[in-house]
Amino acid sequence: MTTYEIRDDPDDLPIICATLAEAERRGHRRAARLGIEVLIYEMHPMRGERFIAAI
């Protein structure tokens, strides 16, 4: 099952999200609240980690 993660930095602990829409929504809120760039990654058990976007 694919999940998504948002992070403030590639090495930070992730915030796990069930869908891409949830990750984007939480990422936009976090970026606005903290005034920093937030990274979104797709996590797949077979394919591994894939960078999706920076907000």
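Residues numbered from 1 in each chain as written. Predicted model: local features only at pLDDT ≥ 70, side-chain atom pairs only at ≥ 80, totals over all residues. Heavy atoms only, no water.

### Re the pattern of salt bridges
Using the criterion set out here, one finds five salt bridges in the structure. With a shortest N-O distance of 2.9 Å, Arg30 and Asp8 are connected by a salt bridge. Taken as a pair, Arg30 in helix H1 (residues 20-34) and Asp8 in the loop between strand E1 (3-7) and strand E2 (15-17) lie far apart in primary sequence, 22 residues in all. (Salt bridge = Lys/Arg side-chain N within 4 Å of Asp/Glu carboxyl O. Helix = DSSP H or I, 4+ residues; strand = E, 2+ residues; numbered from the N terminus.)

### Examining the pairing of strand E4 (residues 48-54)
Pairing between strand E3 (residues 39-44) and E4: six bridges, direction antiparallel. Residue Ile40 lies in a different strand from E4, and its bridge partner there is Ala53. If you look at the hairpin formed by E3 and E4, you'll find three residues sitting between the two strands. (Pairing = 2+ DSSP bridges.)

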